[in-house]
Each structure stands twice: as structure tokens, then as C-alpha cells.
Amino acid sequence: MNPKWSAACLLLPVAVLAAFSSASAEGIPPNLIEVTSQNKPSCVEYFAIDGKPYCSTTALLKGDGGVSQTNYDRLNLKFDERTWLPAWQERNPNLLTVEYLVKGDDINSWKELVTSQFVPNTGQLANAQEYVQNFVMRLRNQVPDVQVSYVMNTPNDVVFEFKIMEPVEMVQDEIQRMFSTEEGLYVVHYAIKKPDMGPEARATWTRLLKQATPKQ
């Protein structure tokens, strides 16, 4: 895979808008589609190339496989009453990502997604609040219509929500928690492909994300 466009952004689920990379348009693969207000591709992964959003209609960022593989997650996660299973994961020295789907759903056509990420501390790790500030700035630059609100905002533990309203093929509502420890930076997300998840789901997933703890 061409390294100029393949790297997934920190803080974002690989299978969502979160899979944006900051890359050059040189060598854009033919299976990437530029997302505009005129076309409505059924997107799975998103990439930012020369500041413009592109997407693929199938999962291009291949990980270590799904439910049959060892789960590398560094977090003790809490889920709702449904059965959630790991569907995609990737581990390298700089970033660990595990994505969960409701049992029976497909990563290539997901409706709801829980993502866990971990960035090990190499001695130069910023705190959670600084990472969130940079993420929100990048998100506002890349997405034409996004709403951001904060549930909790402290230097080492931040919970916030963002809603992508336009274009229609990128619509989603996501709650994200990021917290930093001496070991590194932990990020956990819940995303749904709706413009608004509603008050009940918002309260449930805010509570569940706050309950996530590092594995000992």
C-alpha cells in the first residue's frame, strides 16, 4: 500500500471518517472516490488528500483479522446489552486499534462501531486535552459541516461528541473519550451512522466510555 495515503489518523476509527490521512494526491489509487456534494458513494474508509475528502467503498486498511484472532485491546471496555465482537484490529509499535461491531454486522457496511486505540508513551506524548484540540481543529478543516460539544474537558481526560451533518454519505454521530496516563494515550469511540444518536443512546454510551479502564 502506498505510504503517502495509507496511514490512518490517530483518534479516529479506521472504518469511519476517522481513517483520514494527510497525504498528497500523487498516486491516488483508482479505487478511491472523491467525496463531493454531487456524488453519494457508500463509504467505508475515508482519506484526506490535498485537503479534500476521498473514500473507499470497501475496507482497504487491512488489519490482523477479526474475531478469530487474539484481541490486542489494552482497555477493559463496557458495552450495552447486545453482543459486541472484535471485527478489525491492527497493532504496530506506534498505535494499536481494535474495532467492535454488534454480532452479525459487517465491517464493510457497519451501522454502529466501537473503537479502542492506544498510543504508547515514548517520552514525548502530549496530554489528552492537547490531542483533542488538534483533532477538532483538523476535523473542522476537513469536514464541511460538523458540530462539536464537550461532556468533560480536563488535561488528562476528555469526553466529547461530534456530529457530521454534510455531505450525506459522511453523516455520523460519535462520542469519543481520550485519556492519558504514564503508559500512554487511550482513546475509545462509539459511532453511529445517524445525524443524532438521541438522548438515550448518548447517555448510555457516555456512561460506558467513562467506565473504560486500562488493562493491568
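In what follows, the structure referred to is the one given above.
As the structure is a computational prediction, the values presented were derived from the model and not from experiment.

Student: I'd like to hear about the pairing of strand β7 (residues 96-102), residue by residue, with values.
Tutor: For β7, the tally of buried residues reaches 7 of 7 residues, placing the bulk of the element in the interior. Alternating residues of β7 divide into L96, V98, Y100 and V102 and T97, E99 and L101, and every residue in both groups is buried. Relative to β7, strand β6 (residues 84-91) is paired through 7 bridges, and the arrangement is antiparallel. Looking across to β7, one finds that L85 is bridged to L101. Connecting β6 to the antiparallel partner β7 that follows it, the hairpin turn spans 4 residues. Looking at chain direction, β7 and strand β8 (residues 112-120) are connected through 5 bridges and run antiparallel.

Student: Explain the nonpolar core residue by residue, including any values.
Tutor: In terms of nonpolar packing, the biggest core is built from 21 residues, with L77, W84, V114, Y190 and W205 touching the most fellow members. Only β7, β8, β11 (172-180), β12 (184-192) and α3 (199-210) provide two or more residues apiece to this core. Those residues in contact with Y190 that sit more than four places away from it in its chain are W84, E112, L113, V114, D173, E174, I175, M197, W205 and L209. In this structure, V146, M170, M178 and V187 belong to the second largest nonpolar core, which totals 19 residues.

Student: Which residues make up the sheet that holds β8, and what values go with them?
Tutor: One open sheet holds the 7 strands; their spatial order is β6-β7-β8-β12-β11-β10-β9, and the pairing between them is antiparallel. Strand pairing shows two members of the sheet lacking a second neighbour, β6 and β9 (145-154), which therefore form its edges. Pairs of neighbouring strands in the sheet enclose a mean axial angle of 15°, with direction left out of account. Sheet topology note: the β11/β12 ladder contains 8 bridges and is antiparallel. Bridge pairing in β12 links Q176 to H189. Against the sheet, α3 contacts β6, β8, β9, β10 (157-166), β11 and β12, and its axis sits at roughly 20° relative to β11.

Calculation rules
Residues numbered from 1 in each chain as written. Predicted model: local features only at pLDDT ≥ 70, side-chain atom pairs only at ≥ 80, totals over all residues. Heavy atoms only, no water. Buried < 20%, exposed > 50% of the residue type's maximum accessible area, 1.4 Å probe, protein only. Helix = DSSP H or I, 4+ residues; strand = E, 2+ residues; numbered from the N terminus. Pairing = 2+ DSSP bridges. Core = buried A, V, L, I, M, F, W, Y, C linked by side-chain atoms within 4.5 Å. Contact = heavy atoms within 4.5 Å. Axes fitted to C-alpha atoms, helices over the stretch in contact; angles between N-to-C directions.

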